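# Survey of secondary and tertiary structure
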Amino acid sequence: MTQPLVTAVAPRWEVGLAGTLSRSSRVRVVRRCADVAELLGVVAAGVGRVAVVSSDLRGLDRSVVDALGDQDVLVLGVHPPDDEAAERLLRRWGVAVTVPADADTAALDGALVALLDPPGPAATRTPGQGRSPALPAAGSADAGVGESTPEGDPPPARPTPALRGGRPREGGPDDAARPAGHEDGWAMDRPVADGDLDDDDGTDGPGADEGAGPDERTGPDEGTGPEEGEVVVVWGPVGSSGRSTVAANLAAELADPLQPAVLVDADTYGASQAQLLAVLDEVPGVAAAARAADQGQLDRETLARLAPEVRPGLRLLTGLPRADRWPELRDVALADVLAQCRRLARWTVVDVAPPLEQDEELSFDTLAPRRNGAALTALEAADRVVVVGTADPVGLQRLVRGLDELAGHTVAPRSVVVTRMRPGPVGPDPGRRIQETLSRFAGTGPVHLVPEDQDALDAALLHGRLLAEVRPRSAARTALLALADAVAGREPQSRRERAAGRSRGWLSRRLAPA
């Protein structure tokens, strides 16, 4: 039985392709669309099982391909003859099967067979991923096998739970301890740019042997390169909770030249990381990365150029310079940006806006941009969520309600942080009172408390620096360092320093003359 097919290709290919497809034994052409808008409307109406699109069709990008996949439409890509760049572009958009525009009927039928009858379970499409099955191009040496993909293909989808949150872990919010020795491959695999260290391996860096042990986490298969990095999302309910300050300093404490970190400002209401770190707004940031992802041009090297290094091991992907530019940060593009961040760095810390609700009027139109889509997408991709609230009655009430709301958007383990801890708003012994309140009303475990330290924070903000740079011994920096230790699953710094001191003492005694 033939399958209904719709086309949306550039005018120069339309007549020839329509004639060739009309002679196919696998499909029948039911609609020839003039542009992307007509194509999406036809597909939304349930017309067509297969869509043929060309790389030079105006308005075609990654989000359009994902929208077609969400409608369970198989996509066949057409590119100009002998144009490898156009073929790679289609594959980066998620189009698995491609043919040149001058392909004959036999070649088109072969591509349609690979698309409609994928060989084996490896080509099964994951629901909700919005992409065609991963198959090689028709006519290639691996056509019909489905084992290899050309350079530039997007990485395979990571297994995720039902809500597509972080990787499932055992234990509660803060007991998912992980060994610290994950340096292997990061220094070699990431691009050397912006003053990066030219290390041959990552086994001699700080902390390489500290807390080392058998890695209990599921790593990549042999021969696949370094393990993907982790995404830590910093979120907090509405109000000035210090979320951005926590995100910046957490990223700095996690970062290391051998275990780099990327700080992503995905706040669509009021991006502030550029100002906190004294970086010009004009520097291309998350908007440029999202555009590159939409165009299928975002890879690790491109992301490294867009995210300048603000200190050794720490890169910054600046946010939107104006709040009214939020439609540029589409959720599909941000998901690709975070996927590339995993490849670029060991840690990705994402600062997102507080609102999480979806506009009900827009929820029926999957193509309409959503202002809160960036936060929701980041939470879906998160391996851990750091929830930030303030130590006062209003802030604690918002935090309790926010934790309840957050449970419906991610299954990733969470760490709760309460900033500006002081006795004034909550009474004597504020740490104990806050712990008891959150344990009673929100069922949280241990809470990370950041004491009020306005002098240190003012000094950091004045100079556009981090607490570790201007006030390394301040109370706020000590608390945030302890938070980073908990997130990374490593020993607290004081214990590491004592262990290092004992090692130095033992070595000096061994080397001392008898």
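Read on for an overview of the structure. (Residues numbered from 1 in each chain as written. Predicted model: local features only at pLDDT ≥ 70, side-chain atom pairs only at ≥ 80, totals over all residues. Heavy atoms only, no water.)

## Overview of the pairing of strand β12 (residues 414-421)
Put simply, the test is: For each residue, the accessible area found with a 1.4 Å probe, counting protein chains only, is set against the maximum for its type, and the residue is called buried under 20%, exposed over 50%, and partly exposed in between. Think of it this way: any DSSP run of H or I at least four residues long counts as a helix, any run of E at least two long counts as a strand, and we number them from the N terminus. Pairing between two strands requires that DSSP report at least two bridges joining them. Call a crossover right-handed when, viewed with both strands pointing away from you, the route from the first strand across the helix to the second goes clockwise.
Most of β12 sits inside the fold, with six of its eight residues counted as buried. As paired elements, strand β11 (residues 384-390) and β12 share six bridges and run parallel to each other. Following the sheet pairing, Thr390 is matched in β12 by Thr419. Following the chain from β11 across helix α13 (residues 393-406) to the adjacent parallel β12, one finds a crossover that is right-handed. Of the strand pairs in this sheet, β12 and strand β13 (residues 448-451) are connected by three bridges, and their pairing is parallel. Residue pairing for β13: Met421 is matched across the bridge by Pro451.

## Some words on the sheet that holds β13
Put simply, the rule reads: Working convention: axes come from line fits to C-alpha atoms, limited for helices to the stretch in contact. Angles between N-to-C directions cover 0 to 180 degrees. We call two residues contacting when some pair of their heavy atoms lies within 4.5 Å.
One open sheet accounts for eight strands, arranged β8-β9-β7-β10-β6-β11-β12-β13; its pairing is mixed. Each edge of the open sheet is held by one strand with a lone partner, namely β8 (309-311) and β13. Strand-to-strand twist across the sheet, computed as the mean angle between neighbouring axes with direction ignored, equals 25°. Pairing of strand β7 (residues 261-266) with strand β9 (residues 314-317), which is carried by four bridges, proceeds in the parallel orientation. By the bridge assignment for β9, Ala261 is matched with Leu314. Of the strands in this sheet, β6 (230-235), β7, β8, β9, β10 (347-352), β11 and β12 touch helix α7 (residues 243-254), which is tilted by about 175° from β10.

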